[in-house]
Amino acid sequence: MARLTGDYAGALERELGFDRQLADRAREDLAEYLDEMADAGLDSAEAERRFGDVQDIARSYASAALPKRLRQTLGVAGWLALATFLFMRWRSMQLGLQSFSHPTLLGVIDGAGFLVGAAALIVAWRRGHSQAASGMRAPLVFAAIAIGVSTTASLLRALPALGGPDGTGILATGLVQLALMLTLIGRLRQIDRYRRLA
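Everything quoted here is computed from the prediction, not taken from an experiment. (Residues numbered from 1 in each chain as written. Predicted model: local features only at pLDDT ≥ 70, side-chain atom pairs only at ≥ 80, totals over all residues. Heavy atoms only, no water.)

Novice: Would you take a moment to explain the packing of aromatic side chains for this structure?
Specialist: Two aromatic rings, taken as a pair, are described by how far apart their centres are and by the angle between their planes. Taken as a whole and judged by the stated rule, the model has four aromatic pairs. With 4.9 Å between their ring centres and 80° between their planes, Phe18 and Tyr194 make a pair best called edge-to-face. Of this pair, Phe18 sits in the loop between helix 1 (6–15) and helix 2 (20–39) while Tyr194 sits in helix 7 (residues 167–197), and the two are 176 residues apart along the sequence. Like Tyr194, Phe18 is buried. Each ring, one from Tyr33 and one from Phe51, has its centre 4.9 Å from the other, and the planes form 45°; the classification is tilted. Remark: Phe51 occurs in helix 3 (residues 44–51) and Tyr33 occurs in helix 2; sequence separation between them is 18 residues. According to the relative accessible area criterion, Phe51 is buried, its value standing at 17%. Here the aromatic cluster, defined as three or more aromatic residues joined through ring pairs, consists of Tyr8, Tyr33 and Phe51. (Phe/Tyr/Trp six-rings, centres within 6.5 Å; stacked < 30°, edge-to-face > 60°. Helix = DSSP H or I, 4+ residues; strand = E, 2+ residues; numbered from the N terminus. Buried < 20%, exposed > 50% of the residue type's maximum accessible area, 1.4 Å probe, protein only.)

This is how it looks when you write it as structure tokens:
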């Protein structure tokens, strides 16, 4: 395998450093290309020049990978929505919270936040299947905010029961939702890096 020169390969990896998998793929493609050029009798410097400008190459990799990353982010958001719904219902049943017969402000925020978040996810899903996947980002961000509001309201409703027999379950479900929310936020931040580069 041809030796990658530090400047070019390093610059390419720095440009794509926000996604290790993508950076590794670009490095492997570059190494394969340099092997082919070496077999053709071309030196590394000239081969790298022909491969293209580092920023242009990184931009093309990011553009090609963005739709897949958006769909993966939608999957994480879908799991968060499912967990939010199930845990919201579980907490309500365990604590005897009757949202419809005795609505409270937190109960309304909880339910409305979830419904708005679920609707935003449907919009993101439809955009991902009917047009350019880049249109998925805005509804995904909106869904994350709405579901975050719903989760906060749901946990605040259950707060008085933390010291009771259901306290451990409430805390565990809250931690699962928090982990999923942080994963989603991390994915959305990565999407922003993709979009800035692409």
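Novice: Looking at this model, I keep getting lost on a nonpolar patch on the surface. Mind explaining?
Specialist: Together, Leu156, Leu159, Leu162, Leu171, Leu175, Leu178, Leu182 and Ile185 make up a nonpolar patch on the protein surface, roughly 720 Å² of accessible area in all. The element best represented in the nonpolar patch is helix 7, accounting for five residues. With respect to the helices and strands, Leu175 occurs in helix 7. (Patch = residues over 30% accessible without salt bridge, like charges linked within 9 Å, V, L, I, M, F, W, Y side chains within 5 Å. Areas by Shrake-Rupley, 256 points an atom, 1.4 Å probe, with all protein chains shown as cover. Salt bridge = Lys/Arg side-chain N within 4 Å of Asp/Glu carboxyl O.)

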